[in-house]
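Inside the fold
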Amino acid sequence: MKIITVKDQVEGGKKAFDLIKNAMGNHEIKTLGLATGSTPKTLYKEMVTSNLDFRNLQSINLDEYVGLPANNSQSYHFFMEEHLFKAKPFKINYIPNGVAENIEAECIRYNKIIDENPVDIQILGIGENAHIGFNEPGSSFGSETREVALTESTIKANSRNFENISDVPTHAISMGIKSIMHAKKIILLAFGEKKAEAVKQTITGPISEDIPSSVLQLHPDVTLIVDQAAASKIDA
Ligand code: GLP
């Protein structure tokens, strides 16, 4: 795992952007795996203000809340539209449909999309409990796209974006760990002290399904971009 320590989230966004830009320059990307949450916002800002054209690329997002339609401001569809797609159109954007009538069928449909469109670079954030996508502790390393129940701690952490904690969806559709591991290259971003323990576990923790991000130790091409606060427990 390559670790790049940066001053802050802004610099982290720039570093991640440079990696994407170089890969695009070398024609190494057809499919970009995207994440939501506050972490990738500075990367998306760099992409939006750049002169890069993404219309030849397709994007595949990690996850979506069950029950939130695309026009709900808390949905990941809405987030991606606001932070990236509105300004920078892609050839096609794939995001799970959280309001599909049949969620199980939607998971199968989405999994097929992932299988048919291998991700070249996957952007990842990380939860305080080391979840990636919405793969909570205990998720099988062999998991594919499925409906997952969010843990209390994730609901609490994500409630900062909602008016009331009771508004936070309890379930999501998430790409599985196996699918994330299929990406050719992974860029994991983590900023702030709240992520320090998860970052430490990602790098030096036992490789265990109790620590979803620890699976990344088994991937041949992971770049971890962290600020000093998130890196603060690495050697502790
Ligand atoms: C959510 C998303 C994850 C994200 C995590 C951290 O649970 N499903 O993909 O990494 O939140 O969010 P934040 O970047 O806001 O800390």
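Calculation criteria
- Residues numbered from 1 in each chain as written.
- Predicted model: local features only at pLDDT ≥ 70, side-chain atom pairs only at ≥ 80, totals over all residues.
- Heavy atoms only, no water.
- UniProt positions renumbered as here; feature names shortened; annotations may be inferred.
- Helix = DSSP H or I, 4+ residues; strand = E, 2+ residues; numbered from the N terminus.
- Contact = heavy atoms within 4.5 Å.
- Buried < 20%, exposed > 50% of the residue type's maximum accessible area, 1.4 Å probe, protein only.
- Polar contact = N/O pair within 3.5 Å; in protein donor to acceptor, adjacent residues only side chain to side chain.
- Axes fitted to C-alpha atoms, helices over the stretch in contact; angles between N-to-C directions.
- Parallel < 35°, antiparallel > 145°, perpendicular 65-115°, else oblique.
- Nonpolar A, V, L, I, M, F, W, Y, C, P; charged D, E, K, R; others polar.
- Pairing = 2+ DSSP bridges.

Going by what an unreviewed UniProt entry lists, the protein chain is known as Glucosamine-6-phosphate deaminase and is assigned to Vagococcus vulneris. On record in UniProt, under Sequence similarities (unreviewed entry), the comment for the protein chain is "Belongs to the glucosamine/galactosamine-6-phosphate isomerase family. NagB subfamily."

1. Quick word on the environment of Ile-207
Inspection of the secondary structure puts Ile-207 in the loop between α7 (196-204) and β10 (222-227). C-alpha of Ile-207 to C-alpha of Lys-195: the two residues are 12 residues apart in sequence and 18 Å apart in space. Setting aside residues no more than four positions away along its own chain, Ile-207 makes contact with Phe-141, Ser-214, Val-215, Gln-217 and Leu-218.

2. Description of the UniProt feature "active site" (unreviewed entry) in the protein chain
Mapped onto this structure's residue numbering, the UniProt feature "active site" (unreviewed entry) falls at Asp-63, Asn-129, His-131 and Glu-136. By secondary structure assignment, the location of Asp-63 is in strand β4 (residues 63-65). On the basis of relative accessibility, which here comes to 4%, the residue Asp-63 falls in the buried class. When sequence neighbours within four positions are dropped, the list of residues in contact with Asp-63 reads Thr-36, Tyr-76, Ile-95, Pro-96, Gly-133, Phe-134, Ile-173 and Ser-174. One polar contact links the side chain of Asp-63 to the main-chain amide nitrogen of Phe-134, over a distance of 3.4 Å. Take Glu-136: it is sitting in the loop between β6 (121-124) and β7 (146-149). A relative accessible area of 4% places Glu-136 in the buried class. For Glu-136, the contacting residues outside a window of four places in its chain are Asn-129, His-131, Ala-149, Leu-150, Thr-151, Thr-154 and Pro-212. Separated by 2.9 Å, the side chains of Glu-136 and Asn-129 make a polar contact.

3. A few points about the packing of helix α2 (residues 41-49) against helix α3 (residues 76-85)
The geometry of α2 relative to α3 is characterised by a closest axis approach of 9 Å and an angle of 45° between their N-to-C directions. It follows from the interaxial angle that α2 and α3 lie oblique. Contacts between α2 and α3 involve Lys-41, Tyr-44, Met-47 and Val-48 from the former and Phe-79, Met-80, His-83 and Leu-84 from the latter. For the contact of α2 with α3, the per-class residue count stands at 6 nonpolar, 1 polar and 1 charged.

4. Focus: the sheet that holds β6
Read from one edge of the open sheet, 7 strands run β1-β10-β9-β6-β2-β3-β5, paired in parallel fashion. Whereas interior strands pair on both sides, the edge strands pair on one side only; in this sheet they are β1 (2-6) and β5 (92-94). Within this sheet the neighbouring strands show an average axis-to-axis angle of 15°, counted without direction. Relative to β6, strand β2 (residues 31-34) runs parallel, the two being bridged by 2 bridges. Bridge pairing links Leu-32 to Ile-121 in β6. Against the sheet, helix α1 (residues 9-25) engages β1, β2, β6, β9 (185-190) and β10, with an angle of about 155° to β10.

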